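# Geometric and topological summary
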Amino acid sequence: MEGVREKEEEVKLLDFWASMFCMRVKIALAEKAITKYDCIIEDLGSDHKSSLLLEMNPIHKKIPVLIHNHKPISESMNIVEYIDEYWKGDTPFLSSHPYHRAQSRFWAHFVDTKFFEASNKLWRTKDSKEREEAKAEFIECLKTLEDVLGDKCYFEGDKFGYIDIALIPFYSWFQVYETCGSFNIELECPKIIAWGKTCVLRHSVNTSIPEMDKLSEFILEIRKQYFGIS
Ligand code: GS8
């Protein structure tokens, strides 16, 4: 039934390989066994945004955008929820319990705000004192997330779910953060690394996130070019 549905549907993703937000969408689609879709690669230089992107996401002009049967959906976790609701299947990303759903959304929002801001500062900040502050914030956020994970296999229990999808793309950036902050994440947060290794065993994840070395090389070059940090 799902297979028949897939053939009748048109799915397109406005994508860029290094974007953690786009990785979320690719993981969610793969989890629902949606494999036949067009990835349209966006050039993110501000003068080069495609007219399709400007038309599909006129408010934020950002990727990812999922275009499903000609209708656009924006904001990565919003897209992940849409995918979860549309291609239901037997393994929903969110719990059926309202409280657990609210908690999952809370922590995904934490990833998108406090954690993302600290991680961004960590690789973009030239001033070494500010970078040290960003590193401390980053580690604090990751330790908070480690507490939420506890001894569970995945964030929401024994099933890969919403918070895992929100956070796992950042795992592919860990080498970038370690290089920029001169520290070892495993020494600080061993359970998060163990969780990351478990997630990467999933086909949906390992086919959707890039190799750490490739990503690291690309981001360190951007860091040099745009932020003058070598
Ligand atoms: C963030 C998307 C985003 O920042 C989401 O989808 O969850 N809250 C949004 N996308 C970036 C690429 S990834 O760094 C983007 O499109 N940037 C282009 C721009 O800022 O002009």
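Residues numbered from 1 in each chain as written. Predicted model: local features only at pLDDT ≥ 70, side-chain atom pairs only at ≥ 80, totals over all residues. Heavy atoms only, no water.

## Regarding the pairing of strand S1 (residues 11-15)
How we decide: Only protein chains enter the accessibility calculation, which uses a 1.4 Å probe; a residue whose area is less than 20% of its type maximum is buried, one above 50% is exposed, and one in between is partly exposed. Numbering of helices and strands starts at the N terminus; helices are DSSP runs of H or I of at least 4 residues and strands are runs of E of at least 2. Strands were regarded as paired on the criterion that DSSP finds at least two bridges between them. Seen with its strands pointing away from the viewer, a crossover is right-handed if its path from the first strand over the helix to the second goes clockwise.
Burial runs high along S1: four of the five residues are buried. With four bridges joining them, S1 and strand S3 (residues 65-68) adopt antiparallel strand pairing. From the neighbouring strand, Leu-14 faces S3, where its bridge partner is Val-65. For S1 and strand S2 (residues 38-41), the ladder comprises four bridges, and the chain directions are parallel. Across the sheet, the residue bridging to Leu-13 is Cys-39, located in S2. With helix H2 (residues 20-31) bridging S1 and the parallel S2, this β-α-β connection has right-handed handedness.

## Re the packing of H2 against helix H5 (residues 98-124)
We count it as follows: To obtain each axis, a line is fitted to C-alpha atoms, and for helices this fit is confined to the stretch in contact; angles are then taken between N-to-C directions over 0 to 180 degrees. Two helices crossing with the near one rotated counterclockwise from the far one by less than a right angle form a left-handed crossing, whereas a clockwise rotation gives a right-handed crossing. When checking whether two residues touch, look at their non-hydrogen atoms; a contact exists if any pair is within 4.5 Å. Each residue is assigned to one of three groups, with Ala, Val, Leu, Ile, Met, Phe, Trp, Tyr, Cys and Pro labelled nonpolar, Asp, Glu, Lys and Arg labelled charged, and all others, Gly among them, labelled polar.
Direction vectors running N to C along H2 and H5 enclose 145 degrees, while the axes themselves pass 13 Å from each other. Handedness of the crossing formed by H2 with H5: right-handed. Contacts from Met-20, Phe-21 and Arg-24 of H2 reach H5 at Val-111, Asp-112 and Phe-116. Here the residues of the contact of H2 with H5 are counted per class, giving four nonpolar, no polar and two charged.

## A closer look at the domain arrangement of the protein chain
To keep things clear, this is the line we draw: The start and end points of each domain follow an automatic or database-based domain assignment. Buried area is understood as the total, over both parts, of accessible area removed when two parts are fitted together, assessed with a 1.4 Å probe. Counted as salt bridges are all cases of a side-chain nitrogen of Lys or Arg within 4 Å of a carboxyl oxygen of Asp or Glu. We call two N or O atoms a polar contact when they sit within 3.5 Å, provided that within protein one can donate a hydrogen and the other can accept it, with sequence-adjacent residues counted only if both atoms are side-chain atoms.
Taken as a whole, the protein chain is organised into domain 1 (2-86) and domain 2 (98-227). One C-alpha centre belongs to domain 1, the other to domain 2; they are set 22 Å apart. Of the residues lining the interface, 14 residues belong to domain 1; the matching set on domain 2 comes to 24 residues. Here domain 1 packs against domain 2, burying approximately 1800 Å² in sum over the two surfaces, 72% of which is carbon and sulfur. When the buried surface of domain 1 facing domain 2 is broken down by residue, Trp-17, Met-20 and Ile-27 rank first, second and third, together holding 35% of it. On the surface where domain 1 and domain 2 come into contact, there are three salt bridges. In this assembly, domain 1 and domain 2 are joined by seven residue pairs in polar contact (both at pLDDT 80 or more). Only H2 and helix H4 (76-86) provide two or more residues apiece to the side of domain 1 that touches domain 2.

## Examining unusual backbone geometry
Most of the time, phi is negative for any residue but glycine, and the peptide bond is trans. The omega angle of the peptide bond from Ile-63 to Pro-64 is 5 degrees, so this bond is cis rather than trans. Among the structural elements, Pro-64 can be located in the loop between helix H3 (51-56) and S3. Despite not being glycine, Lys-61 shows a phi value in the positive range, around 55 degrees. Within the fold, Lys-61 resides in the loop between H3 and S3.

## A word on the sheet that holds S2
Judged by pairing direction, the sheet is mixed, and its four strands sit side by side in the order S2-S1-S3-S4 without closing on themselves. Both outer strands of the open sheet, S2 and strand S4 (71-74), are each paired with one neighbouring strand and no more. Recorded for the sheet is a direction-independent mean angle of 25 degrees between the axes of neighbouring strands.

## What to know about the side chain of Lys-135
Looking at the element boundaries, Lys-135 is found in helix H6 (residues 128-149). Beyond its immediate chain neighbours, meaning those up to four positions away, Lys-135 contacts Leu-122, Gly-181, Ser-182 and Phe-183.

## Describing the site of the ligand
To keep it simple, the criterion reads: Only a single heavy atom is needed: when it lies within 4 Å of a molecule or strand, its residue is near that molecule or strand. Shrake-Rupley sampling with a 1.4 Å probe provides the accessible areas, and residues are treated as covered by the protein chains on show and by no other component.
Around the ligand lies a shell formed by Ser-19, Phe-21, Leu-44, Lys-49, Lys-62, Ile-63, Pro-64, Glu-75 and Ser-76. The side chain of Lys-49 places a nitrogen or oxygen atom 2.4 Å from an oxygen atom of the ligand. The separation between a nitrogen atom of the ligand and a polar main-chain atom of Ile-63 is 2.8 Å. Here the ligand, which alone exposes 530 Å², has 74% of that area covered by the protein. When grouped by side-chain class, the residues that make up the shell around the ligand number four nonpolar, two polar and three charged.

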